[in-house]
Amino acid sequence: MNRSILLLGAAVWALAPAMIAQEAAAPPAEQEDTTHRLAPVTITAQKREQSLQNVGISVTAFTGAQLNDANLSDSNDLARLVPGLNIGLPTGAGNQPAIFLRGIGLNDFATNNLGPIGVYVDDLFISSPGAQIMQVFDLDRVEVLKGPQGTLYGRNTTGGAIKFVTARPADTFEAGLTGQYAEFGTMQVKGFLSGPLADVVRGRMAFEKNDSGGYITNAFDRSDAAGTDNLSVRGLVDIDISPEITGQFGLYGSRIDQPGPRYRSQGVLSPTDASTPCDTGAILANDCVNVVGFQNPDDFYTVNQNTATSLEADSYAAQAKLTWELDGFSVTSITGYQSLDKTFLEDSDSSPANILTVQYGVESEDFSEEIQLAGGGDRLNWILGGFYSSARLDQDQRLDLYKEFRPLIESVDPQAYPNGFDPAGAAIGVPALDYRTLNSQDTTIYAAFGQMDYQFAETWRGTIGLRYTNEERDFKQDASLVEAGLSVFPLFTFEDQQVDEEVSWKLGLDYLPSDRSLIYASVANGFKGGGYNGGFLFDASEQAPYEPETVTAYELGLKTDLADGRARLNAALFYNDYKDMQIFTVVSGGGPIAFQVLDNAANAVTQGAELEFTALPAEGLNISLGLAYLDTELKDYRSDSGLDFSGNSLVQAPEWSANGMLRYERPLLTNLLYSAQMDFSYQDKVYFTSNNSDLLSQGAYWLWNAQLGIKSRSGNWHLSVFAKNIGGEDYLAHGFDLTDTIGANQLMVGTPSQVGVELGFRY
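Predicted, not measured: the structure shown is a model, and the values here were computed from it.

Conventions used here
- Residues numbered from 1 in each chain as written.
- Predicted model: local features only at pLDDT ≥ 70, side-chain atom pairs only at ≥ 80, totals over all residues.
- Heavy atoms only, no water.
- Helix = DSSP H or I, 4+ residues; strand = E, 2+ residues; numbered from the N terminus.
- Rg over C-alpha atoms; globule rule 2.2 N^0.38 Å.
- Areas by Shrake-Rupley, 256 points an atom, 1.4 Å probe, with all protein chains shown as cover.
- Pairing = 2+ DSSP bridges.
- Salt bridge = Lys/Arg side-chain N within 4 Å of Asp/Glu carboxyl O.
- Buried < 20%, exposed > 50% of the residue type's maximum accessible area, 1.4 Å probe, protein only.
- Core = buried A, V, L, I, M, F, W, Y, C linked by side-chain atoms within 4.5 Å.
- Axes fitted to C-alpha atoms, helices over the stretch in contact; angles between N-to-C directions.
- Disulfide = S-S within 2.5 Å.
- Patch = residues over 30% accessible without salt bridge, like charges linked within 9 Å, V, L, I, M, F, W, Y side chains within 5 Å.
- Lys, Arg positive; Asp, Glu negative; His and termini not counted.
- Polar contact = N/O pair within 3.5 Å; in protein donor to acceptor, adjacent residues only side chain to side chain.
- Contact = heavy atoms within 4.5 Å.
- Phe/Tyr/Trp six-rings, centres within 6.5 Å; stacked < 30°, edge-to-face > 60°.
- Lys NZ or Arg CZ within 6 Å of the ring centre and 35° of its normal.

(A) Focus on the overall build of the protein. For the protein, the count of helices and strands is 5 helices and 39 strands. What you see for the protein is a C-alpha radius of gyration of 27 Å, in line with the 27 Å of a compact globule of 763 residues. Judged by the C-alpha coordinates and their principal axes, the protein covers about 95 × 60 × 60 Å. About 30,200 Å² of surface is accessible on the protein, with carbon and sulfur atoms providing 55% of the total.

Shown next, in the form of structure tokens:
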């Protein structure tokens, strides 16, 4: 294992015996003063309520109050709070995220391919990648589970899971409304209303509305870009149907209607002839151009693009959870439905010329049913479950290539090239075409799973889990060239079916030397099914289905409360051995553009260590710190285009990352409290592509945020001012290689500094 991991892990484990002995010698909890101590965090990572410190898996959890204090913009901001979590936005705000946990993720922007990190809202697995970005509002907590998840969950994931647990309806009337205004015309309003509807019925309504003019300037028409316009609503009802039966019901909706993203163009060709490749230094200095000689403006947040972009997405979901409490065990039914309707138009060439314009359209529906039987007592806890999912996804995608040259092409020979249509590029050596692909994918999943933990001695507990998964995918793709006033020219039709079966498992051992300490070890096997390339292909031979990936994950962890409950330390060492890891790469094929495809690397390894420390060193002062070390390597991988990436790091996998928050809250006058907060996040260098190109990477950087506020002691109102990205760090959030197509790379820029104010009321 890497020397840095060993050093970091050895430091923790060398101190562990002393820390555990100190806590074991502490007086019984009932004899202690219970003030000024860290509150326990309750999670449901193992499908029952448990203290975070008593669960033998690596979980980072935040309460709703902590999330509010952190002032998150949306779910992507979680990355600055969780060690080892990295979230990129390959196609901009409002689009599907690329979630990476401990170096495991998928940066494919095709809407038919899910990543290895599962996203849940309450008990509903979000099956469409396009719906996995969401607003963070009116939540009870968020749980980030690390490592394979399958022996307890209906949908299997190899890298981990993020659970957004909503605030449930209250027994008494509650209401709240919060408004926020910040630079770039950013306005946010969120609120909730909750309380009893009848003797046995409780309800809750919540919403969040976001609007922003955007922080990027488009020099083409001096307009603002990268703005947002979205609305999310949620309705929940809890019913005590009988003394033994309870029901939890939810309706979720989201609408996005905003301009599409604006990428920064990174030209890679010499400005003297727009064809000779530039050297790396000149490219990074923004001294180079694309195939038509365009050079992006030097200002980091300025672009020059002519195509009007748009993003429209409507997503809906419904969930019904029924629980029967029987003699010694319970039966739970979780029924879910979700849909997504989305269109997205981007200026893919990121220039004022019409070189490449792409439109993505997707419609998806998913029905799922999960049945759980669970029981247990003081020593034995068990769960058995079955899962079924049936999903339909349809893609309608268009690509307009080199429209800029159509008049020139037509002038060569109007009869041979009507309207400048020249897919072969015969006239001037540049192809001009309008391409369309219609894809459909039906996915059916059956799974049976179970897990049992048994405390076989006073200080020892064992866990065993097993899962069977069957995934069937039917995929069809019709590709054609579509010319207005001419005809439709079919390219190919591809149809195929893929069936994957796998048995995965988990073994765990927990040692509990005291009431406040836990040492755990586990080994788990995870599985993620194969699939198909949902992108732009010009020949059926380019459609090579990718195979399932499997992982064997080893973990050793420590959880302990220190200093009489005023401090908490959680640490973990992990090693993940991947077989046939699914990798997103760029391939030069027989068509006019390079296409991006999912492929399998024979072997890959991720290993590392994580530390999380929380403390209350003084009254009113709360400190939380996180540190993660990560070492990733593609052990054996040669791409379809013949490039050997063996030995390279995985994408979006920083070697070191850290986060921290310091919050101080004290009385101000008789009925007021004031607070001061500072938080930071650090990320080491990351690569955006598997070839580890410095052109598509982001160097190490820090982000600092601050907040000052006052509030009433009763909590009925609060007022705060905040600043994000203090110092105005310029950084990239993601990037894609389009050099073979347009002579430039797409770069997604991160958000700049921003100052704002927030006012909220609660009853």
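Don't stop here, the text continues.
(B) Broad picture of the sheet that holds strand β14 (residues 223–225). Here 3 strands make up an open sheet; going across it, the order is β14-β13-β18 and the pairing mixed. Among the strands making up the open sheet, the edge pair consists of β14 and β18 (302–303). Two strands pair when backbone bridges link them, and strand β13 (residues 216–218) and β14 are joined in this way by 3 bridges, in the antiparallel orientation. The residue bridging asparagine 218 from the neighbouring strand is serine 223, located in β14.

(C) Here's a closer look at the pattern of salt bridges. Evaluation of the coordinates by the stated rule reveals 40 salt bridges. Taking the shortest distance from any N to any O, the salt bridge between aspartate 69 and arginine 663 comes out at 3.6 Å. Here the residue aspartate 69 occupies a position in helix α2 (residues 64–70), and arginine 663 occupies one in strand β31 (residues 656–668), the gap between them amounting to 594 residues. Among the residues examined, aspartate 69 registers a relative accessible area of 25% and is labelled partly exposed. Accessibility expressed as a relative area gives 13% for arginine 663, which makes it buried.

(D) Structural view of the nonpolar core. One finds Leu356, Leu399, Leu433 and Tyr435 to be the most contacted residues of the largest nonpolar core, which totals 39 residues. Sorting elements by how many residues they give to this core places strand β21 (residues 356–376) first, with 4 residues. Among the nonpolar cores identified, the runner-up in size contains 28 residues, and Ala70, Ile117, Ala131 and Met134 belong to it.

(E) Geometry of the sheet that holds strand β17 (residues 264–267). Strand order across the open sheet formed by 3 strands is β17-β38-β37, with antiparallel pairing between neighbours. Looking along the sheet, the strands with just one partner apiece sit at the ends: β17 and β37 (732–738). The sheet shows a mean angle of 25 degrees between the axes of neighbouring strands, direction not considered. For β37 and strand β38 (residues 744–749), the ladder comprises 6 bridges, and the chain directions are antiparallel. Within β38, the residue paired with aspartate 737 across the bridge is asparagine 745.

(F) Representation of the state of the cysteines in the model. In this structure the tally under the stated criterion is 1 disulfide. Here cysteine 278 engages in a disulfide with cysteine 288; their sulfurs sit 2.3 Å apart. Disulfide cysteine 278 to cysteine 288: torsion about the S-S bond roughly -115 degrees, handedness left-handed. With cysteine 278 in the loop between β17 and α3 (280–284) and cysteine 288 in the loop between α3 and β18, this pair connects stretches of sequence that are 10 residues apart. The burial state of cysteine 278 is the same as that of cysteine 288; both residues are buried.

(G) Summary view of a nonpolar patch on the surface. There is a patch of nonpolar side chains on the surface, built from Leu380, Met452, Tyr454, Phe456, Trp460, Ile464, Leu466, Tyr468, Val503, Trp505, Leu507 and Leu509 and spanning about 1,100 Å² of accessible area. Contributing elements (two or more residues each) for the nonpolar patch: β23 (433–457), β24 (460–482) and β25 (488–514). Within the secondary structure, phenylalanine 456 sits in strand β23.

(H) View of the side chain of arginine 234. Within the fold, arginine 234 resides in strand β15 (residues 228–240). Look at arginine 234: it is buried, it has no salt bridge, and the nearest opposite charge is aspartate 138 at 4.2 Å. Among the polar contacts made by the side chain of arginine 234, one reaches the main-chain carbonyl oxygen of phenylalanine 137 at a distance of 3.3 Å. Separated by 3.2 Å, the side chain of arginine 234 and the backbone oxygen of aspartate 138 make a polar contact. Leaving out residues up to four positions away in the same chain, arginine 234 has contacts with Phe137, Asp138, Leu139, Thr166, Arg204, Met205, Ala206, Leu251 and Tyr252.

(I) Up close: the packing of aromatic side chains. Using the criterion set out here, one finds 27 aromatic pairs in the structure. With centroids separated by 6.3 Å and ring planes inclined at 65 degrees, the aromatic side chains of phenylalanine 184 and tyrosine 215 adopt a geometry described as edge-to-face. You can see phenylalanine 184 sitting in the loop between β10 (174–182) and β11 (186–198) and its partner tyrosine 215 sitting in the loop between β12 (201–212) and β13, a full 31 residues away along the chain. Of the aromatic side chains, those joined through ring pairs into one cluster are Phe344, Tyr360, Tyr435, Phe536 and Phe538. Lying across the ring of tyrosine 153, lysine 47 places its NZ or CZ 4.7 Å from the centre. Over the ring of phenylalanine 137 we find arginine 234; its NZ or CZ atom is 4.2 Å from the centre of that ring.

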